[in-house]
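Close look at the chain arrangement
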Amino acid sequence: MARGRGQSASQGLTWNGWGPAKPDQEAHVPEGTGGTPPRTLAEALRAQGDGSLVALLRARPDLLNPVPSDLSQLATRAGTRASVVRALERLDRFTLQTAEALAVATEPAPYDTLRALLTGDEGDPEIEAALPRAVETLRDRALIWGADDRLRLVRTARELLAPSPTHPSPTGLGPTVAEATAGMSPGRLQEILTAAGLPSTHDPVSAVASLAALFTDRTRMASLLDTAPVEALSVLDRLVWGPPYGEVTSSPTPPVQWLRDRGLLLPATTRTVVLPREAALHLRAGRAHRTPEPVAPTVAPRASDASAGARPQVVDNTAAGQAYTALATIEELAKDWNEGGPNVLRAGGLSVRDLKRTATALDVTESVAAFWVELAYAAGLLAADGETDERYAPTPAYDDWQELPAPERWARLATSWLTATRTAGLVGSQDSKGRTLAALGPDLDRGAAPEVRRRILDLLATLPEGTAPEPESLLARLRWERPLRGASATGRHDDLRARLAAWTLNEAEMLGITGRGALSSHARALLAPDAADAARTSGEPAVTADGTRAPGELAAASLRAVRALAPLLPEPLDHVLLQADLTAVAPGPLLRHLAELLAIAADVESKGGATVYRFTPGSVRRALDAGQTASDLHDFLRNHSRTPVPQPLAYLIDDVARKHGHLRVGAASAYVRCDDEAVLDEILADRRSQGLRLRRLAPTVLAAHADAVTLLDGLRVMGFAPAAESAEGDVMITRAHAHRTPPRTPPAPVPDGPPAPGTALLGAAVKAIRAGDLAATVVRKPVPEPSGSGSAALASAAAASRNGALPRTTSAETLATVQAAAMTGSAVWIGYVNADGAASQRVIAPVRVEGGYVTGYDHTADEVRTYPLHRITGVAELADDPA
């Protein structure tokens, strides 16, 4: 490749900001078809088998809604811009590079031409090995069609991928010589030929062809460039890999003028020149892409894991610990919102203040709190209650979830996270209108989230057990697999998928799916498909292209994960260790009833591998208010402590119990009564009681202007231990009121596109398309021309038959034709209008005609149907019986 080096843009040519996009990846080619080559995509689809159509509809489910009436409609829909863009977004880098190379090739392009554009003059074994699969992928997705000697890119895909001034190609190539010289004067063309050493021609078409032939001839082009000034080669060097456009001044420098004179730079606008595609390909040694990437980047293990020993067990233990922490965190969140959580914002979601308060209660950061809140919501454990003053609260499903064994509770959370489209990482960021996205609010759904999560975990599963990946290698692999989905409109790489990947790694660690960055054994069980599962044996794919799974496979995978996780989780303990400093140490997770009562009777002082609880007068009084007695607490501690009950703790319980209920508070506004008049005298003498505005009603009764709750709190501040009493004089037990929402279903994931079709739907759709295609393409017998001044209806029928439309026939003609077909067992072509007024064409084989109805086998629907004769608009005999 003859190019100059080291020259700057000071040659009088400046460079615009157009930059080439990134290339793409991999390929494969089927055998060419024999016989007449297809002229359209519809004909190419018609020549394929049902299996190929099923593969097409599975890869591009948007083509199914609604089911196309025939193959022509399917081909038309496959060529629409929206559908082609969606299909291109699901191509890997090398397959997309293959399509981009076809977009700059002359159409139709032989397979050898495509291979040369990707491998260049020197060839590349890796590209040659990967190219057949890429071509096969493009053909299977109806993005290219034709045999190997006549490959054609779908027109819409060519328009999207081919170079243009407003839409540069990722290849960095510009227009062809013919495109760049369109509109150029014949005289100017002859001047270029003369300067390039070519003979003059008699017309512009041959002049353009002569110049293009020069640029594509390796020997003659090399000879021409050998005569070029070094500065001119430097200019070409700046343009060769794109962008191919540059601006020129009104007085270009000699190197630029030399290139313009020989057509190596052709005018694009009055101030812009472009390097023709043929010349650029010569300078590139025939390559359409600077760096083809036929092989997917490898996910590299983390450097620190290279020499790690016995890592799988460490990973599993770490992940199991995180899984248990996840369960405890969700329970702590539900406990915090048990009596009615934060209010729902008018626009939906949590306020920033409520999120901060929740983060403080969970002792985590706000971003982590948003993740736990969103996870509980996705699992259907939290929801809005729908009341007038709408608040968030646990759902009835939370109570059912709490009763499950720990492994099953974790599996419920993990599967909800895998399939959820809500993305907690977006909380706190702004949408396109500058509004802050709130936790539990709208606009947090990202359809790509399940696919990215699933793909990240699948890539982790390819590494040896106990091995964590290098994060950057994971991102490189994702960018290779979906290059267009990571590209923004400016051509730069959008960070959404990169952020989704980073969030996935962090969330998987918090949830216990990974441990120390490596995939755990129970997560592998959750991800790995099982061929014995009923969902797989029915023909349904275990995992679709967007990362979702069939319900049967997901349920079976959850059971496998439960079995793998169960031995790793610690068994709940039925005891604590009481200590002389009024603390109790729980050396592990406690049984539910033990943990609940201990949380009432003591305050949590620290968490970790062991939880430390501290008994205080306030916590003991809280237990007494909840209905416990001093003897109940003594028995509870004695039965569940592996150490003797310390004497200070016993004294604390007895002392608080002795005072508890000694005073009685009721509503007068409020009153205080006590059998000991000296205690009431002490209260009245205390200066802190002045705000309560107490007065003695009787020797043993004080009345207050304050309400009962304020009076209770005031007396407790003064050091007393009053108890509330009911109107009947009984001591009131104060328990937390558990607020629950009405039954709620978890939020449905918002898919990134149409749902993946099932095998049954695909089979029925292909059958319907084939039948409709038969009705549309079947050969009909021509309607004879009427002689003389015959029936006008017959003349109209003949004209319609000649135009390929269904002839209109009278009721008598329709009845006679279908009766004759029923007697001979032949098929006919009918037009039919249903009760909704929708018209369709059908091929039927009548079996019985009676009572104004015709019953027969409908080839279009592949079943026996009955049609009212008055709804049949016309009928025609077939030239050949399709049966």
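Owing to the predicted nature of the structure, the values given are computational and were not obtained by experimental measurement.

1. With respect to the sheet that holds strand β22 (residues 853-858)
Read across the open sheet, the five strands follow the order β23-β22-β21-β20-β24; overall the sheet is antiparallel. Two strands in the sheet have a free side with no partner beyond their single neighbour: β23 (863-868) and β24 (872-877). Ignoring strand direction, the axes of neighbouring strands in this sheet form an average angle of 45°. In this structure, β22 lies alongside β23, joined through six bridges in antiparallel fashion. Across the sheet, the residue bridging to Thr855 is Thr866, located in β23. Helix α33 (residues 759-777) rests against β20 (828-833) and β21 (839-850) of the sheet, and its axis sits at about 90° to β21. Of the strands in this sheet, β20, β21, β22 and β24 touch helix α35 (residues 811-824), which is tilted by about 65° from β21.

2. Things to note about the pattern of salt bridges
One pass over the structure, following the stated rule, counts 35 salt bridges. Taking the shortest distance from any N to any O, the salt bridge between Glu374 and Arg422 comes out at 2.6 Å. Here Glu374 is found in helix α18 (residues 366-378), whereas its partner Arg422 is found in the loop between α20 (406-419) and α21 (449-461), with 48 residues between them in sequence. For Arg422, a relative accessible area of 11% translates into the label buried.

3. Thoughts on the nonpolar core
Of all hydrophobic cores here, the largest spans 95 residues; its most connected members are Leu57 and Leu74. With sequence-adjacent residues up to four places away left out, Leu74 is seen in contact with Leu45, Leu53, Leu56, Leu57, Leu63, Pro68 and Ile769.

4. Remarks on helix α11 (residues 204-216)
Taking 1.5 Å per residue, 13 residues should reach 18 Å; α11 reaches 18 Å between its end C-alpha atoms and fits that length. Taken as a whole, α11 has its buried residues at Ala207, Val208, Ser210, Leu211, Ala212, Leu214 and Phe215. Where the residues of α11 are buried, they touch α9 (177-180), α10 (186-195), α12 (218-226) and α15 (277-283). In this structure Asp203 caps α11, since a side-chain oxygen of it lies 2.9 Å from the backbone nitrogen of Val205.

5. Quick word on helix α3 (residues 71-78)
Those residues of α3 lying buried are Leu71, Leu74, Ala75, Arg77 and Ala78. Projected down its long axis, α3 carries its buried residues within an arc of 165°, all on one side. Those residues of α3 hidden inside the fold are in contact with α1 (41-46), α2 (50-59), α4 (81-89) and α33. Its side-chain oxygen 3.1 Å from the backbone nitrogen of Ser72, Asp70 forms the N-cap of α3.

Rules and cut-offs
- Residues numbered from 1 in each chain as written.
- Predicted model: local features only at pLDDT ≥ 70, side-chain atom pairs only at ≥ 80, totals over all residues.
- Heavy atoms only, no water.
- Pairing = 2+ DSSP bridges.
- Helix = DSSP H or I, 4+ residues; strand = E, 2+ residues; numbered from the N terminus.
- Axes fitted to C-alpha atoms, helices over the stretch in contact; angles between N-to-C directions.
- Contact = heavy atoms within 4.5 Å.
- Salt bridge = Lys/Arg side-chain N within 4 Å of Asp/Glu carboxyl O.
- Buried < 20%, exposed > 50% of the residue type's maximum accessible area, 1.4 Å probe, protein only.
- Core = buried A, V, L, I, M, F, W, Y, C linked by side-chain atoms within 4.5 Å.
- Expected span 1.5 Å × (residues − 1).
- Polar contact = N/O pair within 3.5 Å; in protein donor to acceptor, adjacent residues only side chain to side chain.
- Arc of directions from axis to C-beta.

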